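Understanding the architecture of this molecule
Single-letter residue listing:
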Amino acid sequence: SEIDQNIAQQEIKVQQARSKIETTEQELMIQRNEAESKVQEAEVELELAEIDLEKYVEGDFPAEIKDLRGNIALARMEVERSAEKLEQFRELVRKGFRSPEQLRAVEQEYEQFKNYMERDELKLDVKENFEKRRMVTEHTSKVYQARSKVERSRANKIAQVAKAESEHNAAN
């Protein structure tokens, strides 16, 4: 009968409406979870960027500077020691107690320590005057970018959840 057909069609429509409601509820839940995950991911990225900046400024850079200054101090002591040794060898060569070949070896040792000291002084200058500024700029930029990503993720979360809620409400 026609009434039975209408009832059957209405039951199908009710079932379809219930399915659509369930689907939109699940989509809403998925959107909330995905959006929250993206926000958390961005927040972790921000925290890591802040830690990297702090680590460089308060840890890595001072340690590298201290290491270089220590190397320079050691090299300076070696230069002074080898300079004294060089003067002694020159005197001994003049008196005939040492050969010119032995003197050349001591001169090479002196030049080597002098080169080490000058190299490390140059490295220190580069680190203090250029590398620090570059690394701080790079790490600060990463912090800024990560902050922006957190803000975008939060805004996207609001928009995606609102859209899913709207679709869910329209299904009701």
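A surface patch of nonpolar side chains, about 260 Å² in accessible area, is lined by Val44, Leu48 and Ile51. Summarising the element assignment, Val44 is placed in helix 1 (residues 2-95). Residue Val44 is classed as partly exposed on the basis of its relative accessible area of 47%.

One pair of aromatic rings is described through two measures. These are the centre distance and the angle between the planes. Counted by the stated rule, this structure contains 2 aromatic pairs. Seen from their ring centres, Tyr56 and Phe61 are 5.8 Å apart, and the 45 degrees between their planes marks the pair as tilted. Like Phe61, Tyr56 is buried. Seen in terms of ring centroids, Phe113 and Tyr116 are 6.4 Å apart; in terms of plane orientation they differ by 75 degrees. Their pairing is edge-to-face. With a gap of 3 residues between them, Phe113 and Tyr116 both fall in helix 2 (residues 100-171), about one helical turn apart.

Time to look at the nonpolar core. Ranked by size, the top nonpolar core spans 15 residues in total, and within it Val79, Leu86, Met117 and Leu124 carry the most contacts. When residues of this core are traced back to their parent elements, those giving at least two are helix 1 and helix 2. A per-element tally of this core places helix 1 first, with 9 residues. Apart from the residues within four sequence positions on either side, Val79 is in contact with Tyr110, Phe113, Lys114 and Met117.

Time to look at the packing of helix 1 against helix 2. Where helix 1 meets helix 2, the closest approach of the two axes is 7 Å, and the angle between their N-to-C directions is 170 degrees. Classified by the angle between their axes, helix 1 and helix 2 sit roughly antiparallel to one another. Among the residues forming the contact of helix 1 with helix 2, the class breakdown is 35 nonpolar, 10 polar and 35 charged.

In this section: the pattern of salt bridges. A complete count under the given rule lists 22 salt bridges for this structure. Glu109 is the salt-bridge partner of Lys85, the closest N and O atoms lying 3.6 Å from each other. On the criterion of sequence distance, the pair formed by Lys85 in helix 1 and Glu109 in helix 2 is long-range, its members being 24 residues apart. When the shortest N-O distance is used, the salt bridge between Arg90 and Glu87 registers 2.9 Å. Linking Arg90 with Glu87, this pair stays in helix 1, spanning 3 residues, or about one helical turn. You can call Glu87 partly exposed: its relative accessible area is 42%. The network of salt bridges with common partners includes Glu78, Arg81, Lys85 and Glu109.

Topologically, Gln26 is positioned in helix 1. Assessed through its relative accessible area of 48%, Gln26 is described here as partly exposed.

Calculation notes
Every chain's residues receive numbers from 1 upward, in the order its sequence appears when written. pLDDT decides what is reported in this predicted model: residues at 70 or higher carry local features, side-chain atom pairs at 80 or more are listed and counted, and totals for whole chains, interfaces and linings draw on all residues regardless. The side-chain figures draw on all heavy atoms in the structure; neither hydrogens nor water molecules are used. Each patch is built from residues lacking any salt bridge and having more than 30% relative accessible area; the joining distance is 9 Å for like charges and 5 Å for nonpolar side chains (Val, Leu, Ile, Met, Phe, Trp, Tyr). For the area figures, the Shrake-Rupley method with a 1.4 Å probe applies, and any residue is considered shielded solely by the protein chains shown. A pair is scored as a salt bridge if a Lys or Arg side-chain nitrogen falls within 4 Å of a carboxyl oxygen belonging to Asp or Glu. Numbering of helices and strands starts at the N terminus; helices are DSSP runs of H or I of at least 4 residues and strands are runs of E of at least 2. To sort residues, take the accessible area from a 1.4 Å probe on protein chains only and compare it with the maximum for the residue type: under 20% means buried, over 50% means exposed, and anything in between is partly exposed. Stacked, tilted and edge-to-face are the three classes assigned to paired rings of Phe, Tyr and Trp, where Trp is represented by its six-membered ring and a pair needs centres within 6.5 Å; plane angles under 30 degrees give stacked, over 60 edge-to-face, the rest tilted. Remark: nonpolar core denotes a set of buried residues (Ala, Val, Leu, Ile, Met, Phe, Trp, Tyr, Cys) joined through side-chain atoms within 4.5 Å. By definition, residues are in contact when any of their heavy atoms lie within 4.5 Å. Only the stretch in contact is used when a helix axis is fitted, and all axes are lines through C-alpha atoms; the angle between N-to-C directions ranges over 0 to 180 degrees. Should an angle lie under 35 degrees it is considered roughly parallel, over 145 roughly antiparallel, and from 65 to 115 roughly perpendicular; all remaining angles are considered oblique. In this classification, Asp, Glu, Lys and Arg are treated as charged, Ala, Val, Leu, Ile, Met, Phe, Trp, Tyr, Cys and Pro as nonpolar, and every other residue, Gly included, as polar.

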